[in-house]
Every structure is written in C-alpha cells, then in structure tokens.
Amino acid sequence: MKKFNYFLVFFFAFSKLIFSQQKKDKTFWEIRENYQKMTIDDIRAMPFVKIYIQKAKTENNLPKLLQGYRDGRQFDFANKMKYADSALAVSRKVNSPDDISKDYLSKGIIYYFYQKKYKLALNEYLKAYEYSKHSKDAYHHYKVVYHLGIVKEHLGYYDEALEHFKDCAEFYNSKMNSNMHENVLFNYKKGYYNSLHHMTIVNRYLKNFVKSDSLSELGYQLTKYDQDFLIENSYFLKCKGISKFHKKNYIQAQKYLEQALPILLQRNDFAWSSVIYFYLGKISEARNQMPATIKYYSAIDSIFQKQQFILPEVYRSYNYLINYYKGKDVNKQLYYTNQLLKADSLITKDYPYLSNKLHKDYDRSSMIQEKENIEKTARHNMLFANILILTGSVAFTILTYKYVKDQKIKKKYDLLQQKIADTNNSQVDKKADEPADNSLRKSTLTPELSDEIKIKLEKFEKDLQFTKKHLTQQSLATKFNTNSKYLSTYINENKGVNFNKYIAELRINHITNLLNTNNKYLNFTLDALAEECGIVARQNFSKVFFEINGIRPSDYIKKRKQELGLA
C-alpha cells in the first residue's frame, strides 16, 4: 500500500510538470498565425488580436504592442479609429518617423474610405507625408503619394491627381517580381491595381476616353481570375459599365454594373455603390423605365441619409426625383428638394472646385425658389415662409460666425502644434549651439557665479520645481544661496526675459506638453491644470496660457480632442 501511495505522489508531481509545460504561453507568432490571413474587417480575428495586445502590454513590448493595435485597426470595423489612435500613440513612443508616418496615413485612410471625411483625411495624409520625406521605405512613400492623389481627385484637381497615380503605378509595377514573399507581392499588386483604377477614373473626368477604356480593360484582365482582388475587379467592371453607358450600349453597361455591385455592397463601399446606382438609374431613365429609375435613385438617397455622404457625380439624381413627384406628391417633392439643398451644402463644403460647375447646371437660387413654391402649394402661408427665411438667415449668420471663429482657433492651434514640434526637433541643435564657456558671453556676473546659477537653474527646471505655488524671485534666490539681483541678472542675460516671465513660460510649456502627450490631462478642469503647473488662480492660468501660446486653454483642449478623435 505504501508503494502504491508513493507511486501516486510521483505520478501527480510528474503530471503537473508535464501539464505545466503544455500550458506554456504561445509566442506572438503563434497567436498571430490564427488571423493573419483573414480578410480586412473580419471580426473573428479580434479575440486573438486582444490576446496579442495583452501579451505585448504584459511584457512591455512596444513593437509588438504597435503591431497589435494595427491588427485591431484592420479587423475591428466598429473601433478602427480607436485602434488607429492607440497605434499612433505607441509609434510616437517608439519615435520612428516611418512608424509615425504609417499610422498617420492609416488614420487618413479611415477618414477617407470608411467615413468619407476628405478634409480630415487630407490633414492626416499631409502629416504622413512630412514624416515620410526622408524615409528609405519607398513603398510607404508612394502609398502616401497615392492617397494624396485620391484627395486631389475628389476635390477636382484632376491633372495633379493623375500625375500622382502615374508615378505610383510606375513604381508598384516596376517592383513586382515572382521572387517576392506572397504578402509583399500582394501589397505591390494592390497598389498597382488601385493606381490603375484611379487613372481610369481621372482620364474619364478629363475626357480622355480612349485611355480610360484601355486602362479599365487592362485592370479587368489582370484581376479577372484572382480571388485576392475581387473588389479591385469590381472597380474595373464598374468603369467598363460606365464607359458602355456613355456609348449608349445599355445592355452591356447594365451587365457590368450589376456584376460589380454585390462585392462593393459586401465590402460596405457605399461611395462606389452609389455611383453604380446612379448609372443603373440613368440606364432605366434612358429606357423610360420609371419605377426602376426611382428605385435606383432612391437607393442613392438612402446612402446619403445613412452616411451623410454624396459624390458630385450622383448629385443630379435628385433633379429627376423632384421633377417626377412634381404635381403628384407635394410631400415627396419637398423632401427631395430639401435633400438636394443638404447635398448642395455638403458638396460646397468638401468639393469647392466641383461645386462651381454644379451650380451652373442647377442654380441654388432656383432651388430655394422652388422650395418656396412647394410650400405655398402645401398651404403654408407667407408669414411662415418669411419666418423660415429669417430663421435660416439668422442660423446662417450664427453658423458663419462660428465657422470663422473655429477657423481662427484652428489656425492658432496648428501654429502652437508646429511650435511644439519645432521646439522638440531643435532641442539637440540648441544645446550644440550653446557656448561651452560663459566667458564668450558678455556678462556683469563673474563666470564662476554664472556657472553656479546655471547649474542650479537646470536642476530647478529638470525637477519641475517651478510647479511649486507662490514662488518668488527672493525665495528662489534664497534657495540658491545667492541674492535676488544676481539671479535676476542671470535670467535676463541668459533667458532673455524677466523672472516672472521666465517662471510663467516654464509652467505653461510644462502643462502644454502634458496636454499634448498625455490624454488624461485633456479631461482635467482648468482649476486642476492650474494646480498642476503651480499657478494659483484659474483666471490667471487662462490669461498666461493665452499670452504665451496664443490660444485659450479650453480651445486648445477642444481642438486636441478633435484631432485625437476623443471629442
């Protein structure tokens, strides 16, 4: 019996050892292997991605944490911007210009592809471009150039956009070869096909129809049988369908457009889906098939309602809907007129170049007059119409004032952010430029005394002793075992300001840096921020912050939150 008990103890210990080895943590590569071949926005990847991120946090492994956030950005459709901001925050800690550029670019792509906020996208692309200027990663550089081209295309600068896409297509095509790793080859092919697609579109806008048709056929043939590029193939099918429409070959046009639509809907590409609906509507309109025309044009309106987005190319669908319901259904006529006015405002905001052309085709004043006529038909009295116009004018004035004010604040914010960036980038150069010997600088103080005060002030700044409240020149001089006159002289001669200005700049620069680098401070009250940097009163804090930074702290915090997607 004793022998049996010894055996059980030995077996238990041995089994525990074996099972503990089996429970050994998986490597990053093993975790990522579960999802790395999944398609974009496949939410099934996220449980593995979260495990990957947690492991990176536990091990304090910043490069792996950056990869984890980027994976989250790729697969979690609902939280893309959240993961994009997290990735950018980590890449800033890693302080690699290439990584920072890539993460700014990814934020821009989310704004562009998923939210259709082109101006916000452009801001991110420009930041990405600045960081990529001296990059050795040519693939990434051309990716930035490509997305700048897309924004220019949507703003109507077609000649400039075409040059971007030509450069990108030439680069991607020249780098493709069979010796590449399959993932790298996939990226180059994708860049090449997308560049071809936009060259097709821009050439059509520029009325280079032969060139446009040639490019769309080339792209279609290259992607025809490749399951990895189904959406790119749908783009080229869409282009072929539009070309056939303009040639009045409606049967072929409808065939290509209907083939392209399912994949675009599946990938939630509502922008190009709305374009297909528009041309299917135009085909039905040409065939006098009114129910089908209404169905397709109404689908465009559904996208506009849901996404608050519309392309200039599909804008004219509202003209047909308004005219169709004229004299048949006053409510629907009024509804589509209002939708047209909303679309016009949106396009005027995002497409300044194209908007001028649209106004020639459908003048805004005539739309407003038509709206008034509809309201009269619906027995709205003149008093209500005048009140509506007055309210609209007041609202327009208020919105204009707020817009101008917001633009001024944004300009001040951008200037301050540039100042912060310039200060950070020049700190090393500044130290290198300082004279090594105080004797080179004319001073009323002895070199020994200057050196002594300099060393004490450097420690004073480094230890953030300036955040102590009620700090005076006399108290600091006493702390330094010198007199206030020597301290004042040194600060004036070496800092270029008086004592009060010197302390104020230290405090405001400190709190500005915290607001810019640590998101938690963006949620502090002004009283708490004043407390943090050593300023006694909130009013005094706001005043000094504005004097030094040129912007009120509340405005800076609001803009910073907007930039980070926290507003």
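Residues numbered from 1 in each chain as written. Predicted model: local features only at pLDDT ≥ 70, side-chain atom pairs only at ≥ 80, totals over all residues. Heavy atoms only, no water.

A. Broad picture of the side chain of aspartate 85. Looking at the element boundaries, aspartate 85 is found in helix α5 (residues 80-94). With relative accessibility at 17%, the residue aspartate 85 sits in the buried group. Setting aside anything within four residues of it in sequence, one finds aspartate 85 in contact with Lys107, Leu564 and Gly565. (Helix = DSSP H or I, 4+ residues; strand = E, 2+ residues; numbered from the N terminus. Buried < 20%, exposed > 50% of the residue type's maximum accessible area, 1.4 Å probe, protein only. Contact = heavy atoms within 4.5 Å.)

B. View of a nonpolar patch on the surface. A cluster of nonpolar residues, Leu390, Val394 and Ile398, forms a patch on the protein surface that exposes about 280 Å² of accessible area. Counting through the fold element by element, isoleucine 398 comes out in helix α20 (residues 382-433). Judged by relative accessible area, isoleucine 398 falls into the partly exposed class, the value being 45%. (Patch = residues over 30% accessible without salt bridge, like charges linked within 9 Å, V, L, I, M, F, W, Y side chains within 5 Å. Areas by Shrake-Rupley, 256 points an atom, 1.4 Å probe, with all protein chains shown as cover. Salt bridge = Lys/Arg side-chain N within 4 Å of Asp/Glu carboxyl O.)

C. Geometry of the pattern of salt bridges. The final tally for this structure, using the stated rule, is 25 salt bridges. Taking the shortest distance from any N to any O, the salt bridge between lysine 190 and glutamate 232 comes out at 2.7 Å. A residue pair is termed long-range when its members are at least 10 positions apart, and lysine 190 in helix α10 (residues 182-205) and glutamate 232 in helix α12 (residues 230-246) qualify at 42 residues. You can call glutamate 232 buried: its relative accessible area is 2%. Salt-bridge contacts for lysine 410 lead to aspartate 414; the nearest nitrogen and oxygen are separated by 2.8 Å. Separated by four residues within a single helix, lysine 410 and aspartate 414 lie in helix α20, roughly one turn from each other. Judged by relative accessible area, which is 26%, lysine 410 ranks as partly exposed. The exposure class assigned to aspartate 414 is partly exposed, which follows from its relative accessible area of 34%. Taken together, the salt bridges that share partners define one network made up of Arg70, Arg73, Asp99 and Asp103.

D. Representation of the packing of aromatic side chains. Enumeration over the complete set of coordinates arrives at 34 aromatic pairs. For the pair tyrosine 142 and phenylalanine 171, a centre-to-centre distance of 4.2 Å together with 15° between the ring planes defines the contact as stacked. With tyrosine 142 in helix α8 (residues 138-154) and phenylalanine 171 in helix α9 (residues 158-175), this pair connects stretches of sequence that are 29 residues apart. Judged by relative accessible area, which is 24%, tyrosine 142 ranks as partly exposed. In this structure phenylalanine 171 comes out as buried when scored by relative accessible area, which is 9%. Between the aromatic rings of tyrosine 413 and tyrosine 556, the centroid separation amounts to 5.3 Å while the plane-to-plane angle is 45°, which identifies the pairing as tilted. Of this pair, tyrosine 413 sits in helix α20 while tyrosine 556 sits in helix α27 (residues 553-564), placing them 143 residues apart in sequence. Since its relative accessible area comes to 3%, tyrosine 413 is described here as buried. (Phe/Tyr/Trp six-rings, centres within 6.5 Å; stacked < 30°, edge-to-face > 60°.)

E. Geometry of the nonpolar core. Judged by nonpolar contacts, the single largest core of 86 residues is most densely connected at Ile310 and Tyr318. Broken down by element, the residue count for this core peaks at ten residues, all from helix α14 (residues 270-286). The next biggest cluster of nonpolar side chains, apart from the first, holds 23 residues, and it includes Leu416, Ala530, Phe541 and Ile557. (Core = buried A, V, L, I, M, F, W, Y, C linked by side-chain atoms within 4.5 Å.)

F. Region of the structure containing α12. Here α12 contains 17 residues, and its C-alpha end-to-end distance of 25 Å stays within 8% of the 24 Å for a straight helix at 1.5 Å per residue. A positive phi of about 65° marks lysine 248, the residue just after α12. (Expected span 1.5 Å × (residues − 1).)

G. Spatial organisation of the side chain of glutamate 313. Here glutamate 313 is to be found in the loop between α15 (290-307) and α16 (317-325). At 3.1 Å, the side chain of glutamate 313 and the side chain of arginine 204 are in polar contact. Excluding anything up to four places from it in sequence, glutamate 313 contacts Arg204, Tyr205, Ile242, Val275, Phe278 and Tyr279. (Polar contact = N/O pair within 3.5 Å; in protein donor to acceptor, adjacent residues only side chain to side chain.)

H. Geometry of the packing of helix α24 (residues 499-517) against helix α25 (residues 526-533). Closest axis-to-axis distance for the α24/α25 pair is 9 Å, and the angle between their directions is 120°. As far as their axial angle goes, α25 and α24 are oblique. The two elements α24 and α25 meet at a crossing, and its hand is right-handed. Residues Arg507, His510, Ile511, Leu514 and Leu515 of α24 touch α25, and the partners they reach there are Leu529, Glu532 and Cys533. Split by residue class, the contact of α24 with α25 holds five nonpolar, one polar and two charged. (Axes fitted to C-alpha atoms, helices over the stretch in contact; angles between N-to-C directions. Parallel < 35°, antiparallel > 145°, perpendicular 65-115°, else oblique. Left-handed = near helix turned anticlockwise from the far one by under 90°. Nonpolar A, V, L, I, M, F, W, Y, C, P; charged D, E, K, R; others polar.)

I. Up close: the environment of alanine 253. Along the chain, alanine 253 falls in helix α13 (residues 250-266). Taking the relative accessible area as the measure of exposure, alanine 253 reaches 0% and is therefore buried. C-alpha separation for the pair alanine 253 and leucine 280, spaced 27 residues apart in sequence, amounts to 8.3 Å. Setting aside its immediate chain neighbours within four residues, alanine 253 contacts Gly241, Lys244, Phe245 and Ile283.

J. A look at the confidence of the model for the protein chain. Of the residues in the protein chain, 84% reach a pLDDT of 70 or more, and the chain-wide mean stands at 83. Every residue in residues 6-23 is under pLDDT 50, and counting partners more than four places away or in other chains gives zero contacts. Overall, residues 353-363 carries pLDDT values under 50, and its contacts beyond four positions in sequence, including any with other chains, amount to 18 contacts. (pLDDT = per-residue confidence, 0-100.)

K. Fine view of the environment of glutamate 452. Mapped onto the elements of the fold, glutamate 452 is located in helix α21 (residues 447-462). Here glutamate 452 falls in the partly exposed class, since its relative accessible area comes to 36%. For the pair formed by glutamate 452 and phenylalanine 480, sequence separation is 28 residues and the distance between their alpha carbons is 8.9 Å. Looking at glutamate 452, its side chain comes within polar contact range of the side chain of lysine 456, at 3.1 Å.

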